[in-house]
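Working through the structure, step by step
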Amino acid sequence: MSAGKRGALIIFEGCDRSGKTTQSRLLVELLKSKDVPVQAMNFPERSSNIGQVINSYLTNSKDLSDEVIHLMFSANRWEHMNQLKQKLLEGKTLIVDRYSYSGVAYSAAKGLDFDWCYAPERGLLKPDAVFYLRAPASDLASRGQYGEERYEKAEFQERVAKVFDRICSKEASYWHQFDASQPAEDLHAQIASITDELLPKVATQPLDKLS
Ligand code: FDM
(Lines give C-alpha, C1' and ligand atoms only; values in the text may rest on other atoms or scores of the structure.)
Protein backbone atom coordinates (compact mmCIF):
# COMPACT_ATOMS: atom_id res chain seq x y z
CA MET A 1 0.00 0.00 0.00
CA SER A 2 1.13 3.60 -0.41
CA ALA A 3 2.41 5.44 2.66
CA GLY A 4 -0.16 6.72 5.12
CA LYS A 5 -3.07 4.76 3.69
CA ARG A 6 -4.90 2.67 6.23
CA GLY A 7 -7.23 -0.27 5.83
CA ALA A 8 -10.95 -0.21 6.61
CA LEU A 9 -12.63 -1.81 9.61
CA ILE A 10 -15.73 -3.54 8.27
CA ILE A 11 -18.08 -5.45 10.56
CA PHE A 12 -20.80 -7.96 9.76
CA GLU A 13 -23.61 -8.11 12.29
CA GLY A 14 -26.88 -9.98 12.51
CA CYS A 15 -28.61 -12.89 14.19
CA ASP A 16 -27.34 -16.45 14.01
CA ARG A 17 -27.83 -17.94 10.51
CA SER A 18 -28.28 -14.55 8.86
CA GLY A 19 -25.51 -15.35 6.36
CA LYS A 20 -22.71 -13.34 7.96
CA THR A 21 -20.15 -16.09 7.56
CA THR A 22 -20.90 -16.60 3.85
CA GLN A 23 -20.97 -12.88 3.11
CA SER A 24 -17.74 -12.13 4.96
CA ARG A 25 -16.03 -14.99 3.11
CA LEU A 26 -17.28 -13.71 -0.27
CA LEU A 27 -16.08 -10.20 0.53
CA VAL A 28 -12.64 -11.40 1.64
CA GLU A 29 -12.31 -13.49 -1.56
CA LEU A 30 -13.33 -10.53 -3.71
CA LEU A 31 -10.83 -8.17 -2.08
CA LYS A 32 -8.07 -10.77 -2.34
CA SER A 33 -8.82 -11.17 -6.04
CA LYS A 34 -8.28 -7.40 -6.38
CA ASP A 35 -4.99 -7.57 -4.44
CA VAL A 36 -6.40 -5.54 -1.56
CA PRO A 37 -4.57 -6.49 1.68
CA VAL A 38 -7.34 -8.06 3.76
CA GLN A 39 -7.84 -10.33 6.74
CA ALA A 40 -10.91 -12.07 8.13
CA MET A 41 -11.46 -12.03 11.89
CA ASN A 42 -14.30 -12.87 14.22
CA PHE A 43 -15.51 -12.19 17.73
CA PRO A 44 -15.62 -13.95 20.04
CA GLU A 45 -12.00 -14.87 19.27
CA ARG A 46 -12.04 -18.22 21.06
CA SER A 47 -8.31 -19.07 21.22
CA SER A 48 -7.18 -16.69 24.01
CA ASN A 49 -7.67 -17.55 27.71
CA ILE A 50 -10.72 -15.29 27.83
CA GLY A 51 -11.92 -16.76 24.51
CA GLN A 52 -11.73 -20.26 25.93
CA VAL A 53 -13.91 -19.29 28.90
CA ILE A 54 -16.40 -17.75 26.45
CA ASN A 55 -16.35 -20.94 24.40
CA SER A 56 -17.07 -23.07 27.51
CA TYR A 57 -19.97 -20.77 28.31
CA LEU A 58 -21.42 -20.88 24.79
CA THR A 59 -21.17 -24.65 24.59
CA ASN A 60 -22.96 -24.90 27.94
CA SER A 61 -20.06 -26.52 29.77
CA LYS A 62 -19.72 -23.48 32.06
CA ASP A 63 -22.24 -21.19 33.73
CA LEU A 64 -21.51 -17.53 34.41
CA SER A 65 -23.77 -14.64 35.37
CA ASP A 66 -25.12 -12.51 32.50
CA GLU A 67 -23.01 -9.56 33.68
CA VAL A 68 -19.77 -11.54 33.92
CA ILE A 69 -20.05 -13.14 30.47
CA HIS A 70 -20.97 -9.75 29.00
CA LEU A 71 -17.75 -8.22 30.35
CA MET A 72 -15.75 -11.24 29.15
CA PHE A 73 -17.01 -10.71 25.57
CA SER A 74 -15.99 -7.06 25.83
CA ALA A 75 -12.58 -7.92 27.35
CA ASN A 76 -12.07 -10.34 24.43
CA ARG A 77 -12.40 -7.38 22.05
CA TRP A 78 -10.17 -5.15 24.19
CA GLU A 79 -7.39 -7.74 24.34
CA HIS A 80 -7.21 -7.69 20.51
CA MET A 81 -7.48 -3.92 19.95
CA ASN A 82 -3.77 -3.12 19.61
CA GLN A 83 -3.43 -5.91 17.09
CA LEU A 84 -6.42 -4.64 15.07
CA LYS A 85 -5.13 -1.08 15.17
CA GLN A 86 -1.69 -2.11 13.98
CA LYS A 87 -3.06 -4.12 11.06
CA LEU A 88 -5.34 -1.27 9.97
CA LEU A 89 -2.47 1.23 10.11
CA GLU A 90 -0.33 -1.16 8.06
CA GLY A 91 -2.98 -0.86 5.36
CA LYS A 92 -4.86 -4.09 5.95
CA THR A 93 -8.62 -4.09 5.64
CA LEU A 94 -10.29 -6.18 8.35
CA ILE A 95 -13.53 -8.03 7.71
CA VAL A 96 -14.89 -8.90 11.13
CA ASP A 97 -17.73 -11.30 11.89
CA ARG A 98 -19.49 -9.76 14.97
CA TYR A 99 -18.30 -6.91 17.21
CA SER A 100 -19.57 -4.69 20.05
CA TYR A 101 -23.11 -4.65 18.66
CA SER A 102 -23.49 -8.40 19.14
CA GLY A 103 -22.22 -7.81 22.65
CA VAL A 104 -24.96 -5.28 23.33
CA ALA A 105 -27.73 -7.08 21.40
CA TYR A 106 -27.32 -10.53 22.98
CA SER A 107 -26.95 -9.19 26.54
CA ALA A 108 -29.74 -6.60 26.26
CA ALA A 109 -31.97 -9.36 24.82
CA LYS A 110 -31.51 -11.17 28.15
CA GLY A 111 -32.81 -8.10 29.99
CA LEU A 112 -29.59 -6.26 30.90
CA ASP A 113 -29.75 -2.48 30.64
CA PHE A 114 -28.80 -1.23 27.15
CA ASP A 115 -26.55 1.63 28.33
CA TRP A 116 -24.81 -0.60 30.87
CA CYS A 117 -24.13 -3.09 28.07
CA TYR A 118 -22.70 -0.43 25.77
CA ALA A 119 -20.45 1.26 28.40
CA PRO A 120 -17.45 -1.14 28.20
CA GLU A 121 -17.41 -0.83 24.40
CA ARG A 122 -16.60 2.89 24.53
CA GLY A 123 -13.05 3.52 23.39
CA LEU A 124 -12.79 0.47 21.14
CA LEU A 125 -12.05 1.15 17.48
CA LYS A 126 -15.05 2.51 15.63
CA PRO A 127 -15.96 0.54 12.50
CA ASP A 128 -15.93 2.33 9.14
CA ALA A 129 -18.99 0.33 8.14
CA VAL A 130 -21.35 -2.18 9.69
CA PHE A 131 -23.18 -4.50 7.32
CA TYR A 132 -26.30 -5.61 9.15
CA LEU A 133 -27.92 -8.69 7.65
CA ARG A 134 -31.54 -8.53 8.67
CA ALA A 135 -34.14 -11.25 8.31
CA PRO A 136 -37.13 -12.12 10.47
CA ALA A 137 -36.06 -14.65 13.10
CA SER A 138 -38.87 -16.96 11.95
CA ASP A 139 -37.28 -16.90 8.47
CA LEU A 140 -33.92 -17.76 9.95
CA ALA A 141 -35.37 -20.61 11.98
CA SER A 142 -36.90 -22.10 8.84
CA ARG A 143 -33.49 -22.18 7.13
CA GLY A 144 -32.70 -25.26 9.19
CA GLN A 145 -32.25 -26.41 12.73
CA TYR A 146 -30.48 -24.08 15.08
CA GLY A 147 -27.37 -25.62 16.56
CA GLU A 148 -26.63 -26.66 20.11
CA GLU A 149 -25.11 -23.42 21.41
CA ARG A 150 -26.68 -21.44 24.21
CA TYR A 151 -28.37 -18.66 22.22
CA GLU A 152 -29.61 -20.69 19.25
CA LYS A 153 -33.34 -20.46 19.95
CA ALA A 154 -35.81 -18.70 17.61
CA GLU A 155 -37.60 -16.72 20.32
CA PHE A 156 -34.34 -15.37 21.76
CA GLN A 157 -33.06 -14.49 18.28
CA GLU A 158 -36.17 -12.38 17.73
CA ARG A 159 -35.34 -10.34 20.83
CA VAL A 160 -31.74 -9.99 19.62
CA ALA A 161 -33.01 -8.72 16.23
CA LYS A 162 -35.05 -6.01 17.97
CA VAL A 163 -31.93 -4.68 19.72
CA PHE A 164 -29.95 -4.74 16.45
CA ASP A 165 -32.80 -2.76 14.83
CA ARG A 166 -32.61 -0.18 17.61
CA ILE A 167 -28.85 0.22 17.19
CA CYS A 168 -29.20 0.36 13.41
CA SER A 169 -31.58 3.31 13.57
CA LYS A 170 -29.30 5.14 16.02
CA GLU A 171 -26.09 4.54 14.07
CA ALA A 172 -27.50 5.10 10.59
CA SER A 173 -24.46 7.07 9.39
CA TYR A 174 -22.27 3.97 9.09
CA TRP A 175 -24.73 1.07 9.36
CA HIS A 176 -26.03 -0.51 6.17
CA GLN A 177 -29.02 -2.78 6.53
CA PHE A 178 -29.62 -5.59 4.04
CA ASP A 179 -32.45 -8.03 3.51
CA ALA A 180 -30.73 -11.29 4.44
CA SER A 181 -33.42 -13.40 2.79
CA GLN A 182 -32.36 -12.43 -0.76
CA PRO A 183 -30.04 -14.68 -2.81
CA ALA A 184 -26.44 -14.62 -1.52
CA GLU A 185 -25.03 -13.36 -4.87
CA ASP A 186 -27.38 -10.35 -4.90
CA LEU A 187 -26.48 -9.48 -1.34
CA HIS A 188 -22.80 -9.84 -2.14
CA ALA A 189 -23.10 -7.48 -5.13
CA GLN A 190 -24.60 -4.75 -2.93
CA ILE A 191 -21.98 -5.25 -0.22
CA ALA A 192 -19.18 -5.23 -2.82
CA SER A 193 -20.35 -1.95 -4.27
CA ILE A 194 -20.47 -0.19 -0.88
CA THR A 195 -17.03 -1.58 0.00
CA ASP A 196 -15.63 -0.36 -3.32
CA GLU A 197 -16.60 3.20 -2.45
CA LEU A 198 -15.61 2.89 1.20
CA LEU A 199 -11.97 1.78 0.90
CA PRO A 200 -10.53 4.83 -0.90
CA LYS A 201 -12.69 7.15 1.20
CA VAL A 202 -11.44 5.97 4.60
CA ALA A 203 -7.83 5.32 3.54
CA THR A 204 -6.70 8.82 4.54
CA GLN A 205 -9.07 9.28 7.49
CA PRO A 206 -7.79 8.83 11.06
CA LEU A 207 -9.06 5.87 13.05
CA ASP A 208 -11.91 6.76 15.35
CA LYS A 209 -13.15 5.32 18.66
CA LEU A 210 -16.61 4.25 19.78
CA SER A 211 -18.04 7.00 21.98
N1 FDM B 1 -22.06 -13.11 21.26
C2 FDM B 1 -21.06 -12.69 20.46
C3 FDM B 1 -22.37 -12.42 22.42
O4 FDM B 1 -23.29 -12.81 23.16
N5 FDM B 1 -21.66 -11.30 22.76
C6 FDM B 1 -20.64 -10.84 21.98
O7 FDM B 1 -19.98 -9.82 22.31
C8 FDM B 1 -20.32 -11.56 20.77
C9 FDM B 1 -19.20 -11.11 19.90
O10 FDM B 1 -21.85 -15.41 20.91
F11 FDM B 1 -24.59 -16.38 19.80
C12 FDM B 1 -22.79 -14.34 20.93
C13 FDM B 1 -23.43 -14.37 19.59
C14 FDM B 1 -23.46 -15.84 19.27
C15 FDM B 1 -22.31 -16.42 20.04
O16 FDM B 1 -20.96 -16.24 18.06
C17 FDM B 1 -21.16 -16.95 19.21
P18 FDM B 1 -20.52 -17.00 16.70
O19 FDM B 1 -20.53 -15.91 15.67
O20 FDM B 1 -21.57 -18.05 16.47
O21 FDM B 1 -19.16 -17.59 17.00
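- Within an unreviewed UniProt entry, the label attached to the protein reads dTMP kinase, and the organism entered is Drosophila suzukii.
- The heading Sequence similarities (unreviewed entry) in the UniProt record of the protein holds the text "Belongs to the thymidylate kinase family."
- Recorded in UniProt under Pathway (unreviewed entry), the annotation for the protein is "Pyrimidine metabolism; dTTP biosynthesis."

**Quick look at the overall build of the protein**
- Counting secondary structure elements, the protein contains 9 helices and 5 strands.
- Secondary structure of the protein in N-to-C order comes out as β-α-β-α-α-α-β-α-α-β-α-α-β-α.
- Over its C-alpha atoms the protein spans a radius of gyration of 17 Å, differing by no more than 12% from the 17 Å that the globule rule assigns to 211 residues.
- Seen along its three principal axes, the alpha-carbon backbone of the protein occupies a region of about 50 × 35 × 30 Å.
- Out of the 211 residues belonging to the protein, those deemed buried represent 35%.
- Taking the intrachain contacts of the protein between residues at least 6 apart in sequence as the baseline, contacts between residues at least 24 apart amount to 81%.

**As for the packing of helix H5 (residues 100-108) against helix H8 (residues 154-170)**
- It is at 8 Å that the axes of H5 and H8 come closest, and there the two elements cross at 130 degrees. With respect to H8, the axis of H5 lies oblique. For the element pair H5 and H8, the recorded crossing hand is right-handed. Seen from H5, the contacting residues are Tyr 101, Val 104, Ala 105, Tyr 106 and Ala 108; seen from H8, they are Val 160, Val 163, Phe 164 and Ile 167.
- Taken together, the residues of the contact of H5 with H8 sort by class into 9 nonpolar, no polar and no charged.

**Points about the sheet that holds strand S2 (residues 38-42)**
- Read across the open sheet, the 5 strands follow the order S2-S3-S1-S4-S5; overall the sheet is parallel. Of all the strands in the sheet, the pair left with one neighbour each is S2 and strand S5 (175-179). Sheet twist, expressed as the mean angle between neighbouring strand axes with direction ignored, is 20 degrees.
- Taken together, the 4 bridges between strand S1 (residues 9-14) and strand S3 (residues 93-97) define a ladder with parallel strand orientation. From the neighbouring strand, Phe 12 faces S3, where its bridge partner is Asp 97.

**Focus on the packing of helix H1 (residues 20-33) against helix H9 (residues 184-202)**
- Here H1 crosses H9 at 50 degrees, and the two axes come no closer than 10 Å. With respect to H9, the element H1 is oriented oblique. In the packing of H1 onto H9, the handedness of the crossing is right-handed. Counting all contacts with H1, which are made through Thr 22, Gln 23, Leu 26, Leu 27 and Leu 30, the residues of H9 involved are Ala 184, Leu 187, His 188, Ile 191, Ala 192 and Thr 195.

**Considerations on H9**
- In this model, H9 (19 residues) spans 26 Å end to end at C-alpha, consistent with the 27 Å of a helix rising 1.5 Å per residue.
- Those residues of H9 lying buried are Leu 187, Ile 191, Thr 195, Leu 199 and Val 202. Taken end-on, H9 shows its buried residues confined to a sector of 90 degrees, consistent with a single buried face. Opposite the buried face of H9, at more than 90 degrees from it, the exposed residues are Glu 185, Asp 186, Ala 189, Ser 193, Asp 196, Glu 197, Pro 200 and Lys 201.
- On the buried face of H9, the contacting elements are S1, H1, S3, strand S4 (129-134) and S5.

**Considerations on the nonpolar core**
- Core analysis: the largest hydrophobic core is formed by 40 residues, its most contacted members being Ile 10, Ala 105 and Phe 131.
- Secondary structure elements with two or more residues in this core: S1, H1, helix H4 (81-89), S3, H5, S4, H8 and H9.
- When near neighbours in sequence (up to four residues on either side) are disregarded, Ile 10 contacts Thr 93, Leu 94, Ile 95, Val 96, Pro 127, Asp 128, Ala 129, Phe 131 and Thr 195.

**A short note on unusual backbone geometry**
- Here the residue pair Phe 43 and Pro 44 is connected by a cis peptide bond, since its omega of 0 degrees sits within 30 degrees of zero.
- As for its placement among the helices and strands, Pro 44 is situated in the loop between S2 and helix H2 (49-58).
- Of note, the phi angle at Arg 17 is positive, near 70 degrees, even though the residue is not glycine.
- Here Arg 17 lies in the loop between S1 and H1.
- Under the C-beta neighbour-count criterion, Arg 17 is labelled buried, with 22 such atoms within 10 Å.

Reading guide: rules and limits
- Residues numbered from 1 in each chain as written.
- Predicted model: local features only at pLDDT ≥ 70, side-chain atom pairs only at ≥ 80, totals over all residues.
- UniProt positions renumbered as here; feature names shortened; annotations may be inferred.
- Helix = DSSP H or I, 4+ residues; strand = E, 2+ residues; numbered from the N terminus.
- Rg over C-alpha atoms; globule rule 2.2 N^0.38 Å.
- Buried ≥ 20, exposed ≤ 12 C-beta atoms within 10 Å, placed from the backbone.
- Contact = placed C-beta atoms within 7 Å.
- Axes fitted to C-alpha atoms, helices over the stretch in contact; angles between N-to-C directions.
- Parallel < 35°, antiparallel > 145°, perpendicular 65-115°, else oblique.
- Left-handed = near helix turned anticlockwise from the far one by under 90°.
- Nonpolar A, V, L, I, M, F, W, Y, C, P; charged D, E, K, R; others polar.
- Pairing = 2+ DSSP bridges.
- Expected span 1.5 Å × (residues − 1).
- Arc of directions from axis to C-beta.
- Core = buried A, V, L, I, M, F, W, Y, C linked by C-beta atoms within 7 Å.

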